[in-house]
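Chains, contacts and geometry: an overview
Now for the letters of each chain:
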Amino acid sequence: MSDSLALNTISIDEALAAIGPCRTLEIVLTNLFGWSDNKGNRSPVDVQTFPFVHPPQIRPSIVVRGEAELFGLSMPRFAIRLYLEDGAFINCRRLNTLKVNAQRDGVIERCHRRSLAQEEKNDVVEILDADPPLIADLLGEHDSCIADSLLAPPEMMHRQLHLHIIDCRSLLKHYGGTWFPRDGRSILRQFGHPSHPHSPYDLAPIFRHTFPEPKEQGPRLPPLSPYVHGFGFGAGYCAQAVLYLATAMLLKFASRICGLAEITALTHSPKIRELLVAGLTPENMRSYFHDVGLRVTEEAAIFPEWRDKGIQHPEETLHMAARAYLQSGMPIIVPTDMQKLAYARESWNERQPTYVRNKVDFPAEMPNTPHVIILVGCTTRGTIVKDKGGEFIFHDPSTRPYLTVRGHELLHLGPPIAPREIYSYEGVLMPVVPGRVQLSLLLKRKFLDERGVYVLGLIYFVSRLNEIAGDFEDLVKTRTPIDEWPEILRPEPIQEILMIRHSHAGEPHELAPFCLFNFAYGPLRESDLEGVETDSKKRQAFTVFLNRIFKGAGDYWFWLEFAPGHVWMWDAELPGLELSEVEDEVPAIIRRLLAVAHGDTWTPIAGRGQES
Amino acid sequence: MKLRVSLLTSFCFNGIHQFASQNSGERWPFSTRDVELYAFMNGDLDVFSPSSARPRPAARSSGRRAEIRPILHANAIRRLALWDRPDEVAANIHRSLAGLRVIGLSTFAADLLAHEEFKLAWESAQKALVFLLQVGRELNQLGHEVRALELVGGSQVDGLWMGGDRYGGKHFVINRLTPALAIERLMRRLQPVCEVALETGIPIALELEVGPLFTVSSLASLQQVSDFIHAQGTDAHRRTLGFNLDIAHWAFLAQISPQDVAGLQSVRERIVHAHISDHSKGHFGDGVVGEFSARGEFEQWLELLSQVGENRSPELPQFSGCVSVEYECAPNVEVVQESVEATSEILRNLDLLAE
């Protein structure tokens, strides 16, 4: 910084004058930096005197830019960036500037519904008041200035809970870099760990607690997670915010990303000219993610309509799946109800409601309010059973980032069932994955002609496979083993599931350096790896193995299932198998799989990359 | 033709003055002295106010060196337009720049597409654009070479209102124009501006901004604008209205290829100016050229640009011959320098750099 000629810097007074009073900014800073003891108590942070690591700057913001477009205003198109430690920053909306401009131009009064043809109208809404709303209705006291930001978890929380957070430090590059304050030098063109030109943090982070970490030089930087707070449109804008956050977290695999205003447009049919700034349906979300090259699914350990199917241990299964997605770098959208987050004191929540435990302020009275949050991390210490699933970390676009929810709460936070809606979202997770990943972990619900269809997820498939082990010896004996076909049907509990992408082309970091494969598709015994001593040999063996399978194909997604004696490798790009409502098809599926596997060449059971 | 590298960033003239003035002791830090001016910044109001005979020096930072402190203030143009003295504004700019050459003006007038009933808003935008063209003409008389007025094509958003659903919920609703209606409105609103552009000889370069709410946002909308001009446009439209080929927007955000453009004569022949920066998958901000994309990708576009102006009919708006390195709200001088140098190097390697 000392050698740089800074541009676009302003004083904190100028910044706060443009931002205007914003309670959310104080709350977020207090909860990130105000921890005064290890019980999570916080001392209030004063924005005016907060030690930002660099003077505020006027900088671009993908969110603010879209909102200016929404209002048809020339300004404010840019945000004020407040710089925090370790590369973190908050892009602030200039709410005061917006208010002044919008009031002057009468933007909010531009109501012209009457000119639209019937087919262009949105039949969900009617004009509420004869008088158009005023700008004051839009920019109320609860509005937040916090636009697209990159934030590190509170240091004390990170230390206490041993968090795994989906690390998006690589997004710094897209923001034009930031300031690295510890030694006072600029990392404008450098991002991630200073000693690693290619940051290790966004590359196969999933193996960090499964296998020893690679030795790193220098101080390790905390993870950074994108966060955005909804604007002055009420709770409805939270859906757009979580869609943005999920896309930002998976930007590497998305085809594009845009701001919240544009997301609203993308979730509507091009024919509709009235765009509802409100909660989005799962169908809206699916459509949006498809449009940006990602995929969202509805998954549950047990769907409410399946409660009588006798599925065992749904809580543990849900936790395992949630951890698998998060540790693989895939965020999870959770449909919920703000009232439950604030007040729920049912038998499953013997302690305090989620918001109370997290010291979130909320109104004294809150009706059932559909809401969405996004899981971005989890604890890594303690077993699932002992700790009731451990804790999961979520960002709430209506309150603040880095809140915790206990694993067992996830089954019970579902939103109220909308009128005329058949399907409940109680206990439903909506993981977001790269578009090519089709194989889910839990039961997946999808809709064909408004009819719910259920797809067998990997965890259930494996669990059922374990239950019926030994029933297929006839098939196993008839096939010709490659060398020695492992005891594939030996019951083995799942220890962990993680997703990786293998790439042959130019992205060697995607290949986890500690992958332990050298054999063939299917279960691999750890004993097969004896004699493979060095990391390079392991890498080489794994590459050879994959080349054998794919014969030079580009890149591919896998689920890895870790069991005590084996590591299984599952094709994540295959669509799952649909289940009828009553028939247990797993034995039939396994027989089909084994029959297909007859012979030395692996063949997918369905075309790769097919859309489900 | 060979191309000139110019610079477009969010400097106010006061800041430029700080660098460019011979008396300031500072050296202009960029290898090009051609600048495209963003009209206008907050600090510019100090420079251009009627009482200001000379530009005032920028505020000094606490450090040893001067700090450029622009604060983007697009509405400054409205205030200057009310003053209605383009000659004095141009004279002040000329004095401020101390040896730099203005090759273009750049702005963003979103209100241009406001609903018909908000005449005050869209007429104000029209006046602002006309004023800028007049400033450009005055600058040219002072020896500058203003060859384009670049502006964003506007938003499809036509208003916001509060609605209620049948269950008692309240929601804001955005009204949007259809793409065809938005283009028709844009053309109509630009008509008087194009008349002035014809008089001043400064073409208008429409910017493509990617996103579902922008009027000019894709190859299809570029074609629609071209088709509209051809089929329904006035003589002023046809002779002055063109496109700004923003390489990062067209190539990396809108996924348009140089081959697409080369094959579309109606679009190619209306390219009147160009910007260069780098983007990845979203408009987070401008990046240094080569930050996200291979240099080879820029080469193809620059080669195309070197050809678009050749043998163009005098009945069409002409190409500026300049590629402006764009870095809006840059964090510091170094990144802008780096982008200018990267662009110059690519052009030099292609033997397309006008020295």
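Structure first, text after, so check above.
The present account deals with the structure reproduced in this document. (Residues numbered from 1 in each chain as written. Chains lettered and ligands numbered in written order. Predicted model: local features only at pLDDT ≥ 70, side-chain atom pairs only at ≥ 80, totals over all residues. Heavy atoms only, no water.)

Another aspect to go through is helix α4 (residues 86–97) of chain B. All names here are of chain B. Here α4 contains 12 residues, and its C-alpha end-to-end distance of 16 Å stays within 8% of the 16 Å for a straight helix at 1.5 Å per residue. Taken as a whole, α4 has its buried residues at Pro86, Val89, Ala90, Asn92, Ile93, Ser96 and Leu97. Here the buried residues of α4 occupy an arc of 160° about the axis, which is enough to place them on one side. Remark: alanine 98 follows α4 within two positions and exhibits a positive phi of approximately 45°. (Helix = DSSP H or I, 4+ residues; strand = E, 2+ residues; numbered from the N terminus. Expected span 1.5 Å × (residues − 1). Buried < 20%, exposed > 50% of the residue type's maximum accessible area, 1.4 Å probe, protein only. Arc of directions from axis to C-beta.)

Before going further, it helps to spend a moment on the environment of tryptophan 28 of chain B. All names here are of chain B. Considering the arrangement of structural elements, one finds tryptophan 28 in the loop between α1 (13–20) and β2 (34–38). Looking at tryptophan 28, the relative accessible area reads 5%, which means it is buried. On a C-alpha basis, the gap between tryptophan 28 and isoleucine 346 in space is 22 Å, while along the polypeptide they are 318 residues apart.

In this fold, glutamine 57 of chain A is placed in strand β1 (residues 57–60). According to the relative accessible area criterion, glutamine 57 of chain A is buried, its value standing at 0%. Only 2.9 Å separates the side chain of glutamine 57 of chain A from the backbone oxygen of proline 331 of chain B, close enough to count as a polar contact. (Polar contact = N/O pair within 3.5 Å; in protein donor to acceptor, adjacent residues only side chain to side chain.)

The next thing to look at is the pattern of salt bridges. Residues and elements named next belong to chain A. Taken as a whole, this structure holds 27 salt bridges over all chains when the rule is applied. Glutamate 67 serves as the salt-bridge partner of arginine 93, at 2.8 Å between the closest nitrogen and oxygen. Here the residue arginine 93 occupies a position in the loop between β3 (89–92) and α4 (95–105), and glutamate 67 occupies one in helix α3 (residues 62–71), the gap between them amounting to 26 residues. Its relative accessible area of 2% is what places arginine 93 among the buried residues. (Salt bridge = Lys/Arg side-chain N within 4 Å of Asp/Glu carboxyl O.)

Side chains of a nonpolar character, in soluble globular proteins, are inclined to be buried together. Core analysis: the biggest nonpolar cluster contains 154 residues, and Leu25, Tyr244, Phe289, Ile333 and Trp559 of chain A have the highest contact counts within it. In terms of residue count, the dominant contributor to this core is helix α8 (residues 237–249) of chain A (11 residues). If sequence neighbours within four positions are ignored, leucine 25 of chain A has contacts with Val47, Leu82, Ile90, Cys92, Cys145 and Ile146 of chain A. If you look at the next biggest cluster of nonpolar residues, it comprises 90 residues, including Ala125, Phe228, Ala236 and Leu304 of chain B. (Core = buried A, V, L, I, M, F, W, Y, C linked by side-chain atoms within 4.5 Å. Contact = heavy atoms within 4.5 Å.)

Another point: unusual backbone geometry. All names here are of chain B. Located in the positive-phi region is glutamine 255, a residue other than glycine, with phi close to 60°. Here glutamine 255 is to be found in the loop between α9 (247–253) and α10 (258–262). Unlike most non-glycine residues, aspartate 351 shows phi in positive territory, near 60°. Here aspartate 351 shows up in the segment after α13 (333–349).

Residues and elements named next belong to chain A. All told, the structure shown has 10 aromatic pairs over all chains when counted by the stated rule. Between the aromatic rings of phenylalanine 89 and tyrosine 175, the centroid separation amounts to 4.8 Å while the plane-to-plane angle is 70°, which identifies the pairing as edge-to-face. Here tyrosine 175 lies in the loop between α7 (171–174) and β7 (178–180) and phenylalanine 89 lies in strand β3, a separation of 86 residues in the sequence. With relative accessibility at 0%, the residue phenylalanine 89 sits in the buried group. On the basis of an interplanar angle of 90° and a centroid distance of 5.2 Å, the ring pair of tyrosine 343 and phenylalanine 362 is categorised as edge-to-face. Here tyrosine 343, found in helix α12 (residues 338–343), pairs with phenylalanine 362, found in the loop between α13 (354–357) and β14 (370–379); they are 19 residues apart in sequence, far enough to count as distant. According to the relative accessible area criterion, tyrosine 343 is partly exposed, its value standing at 29%. The class for phenylalanine 362 is partly exposed, based on a relative accessible area of 25%. Aromatic ring contacts, followed pair by pair, group Phe33, Phe50 and Phe52 into a single cluster. For arginine 81, the ring lying beneath its charged end belongs to phenylalanine 89, and the centroid distance is 4.5 Å. (Phe/Tyr/Trp six-rings, centres within 6.5 Å; stacked < 30°, edge-to-face > 60°. Lys NZ or Arg CZ within 6 Å of the ring centre and 35° of its normal.)

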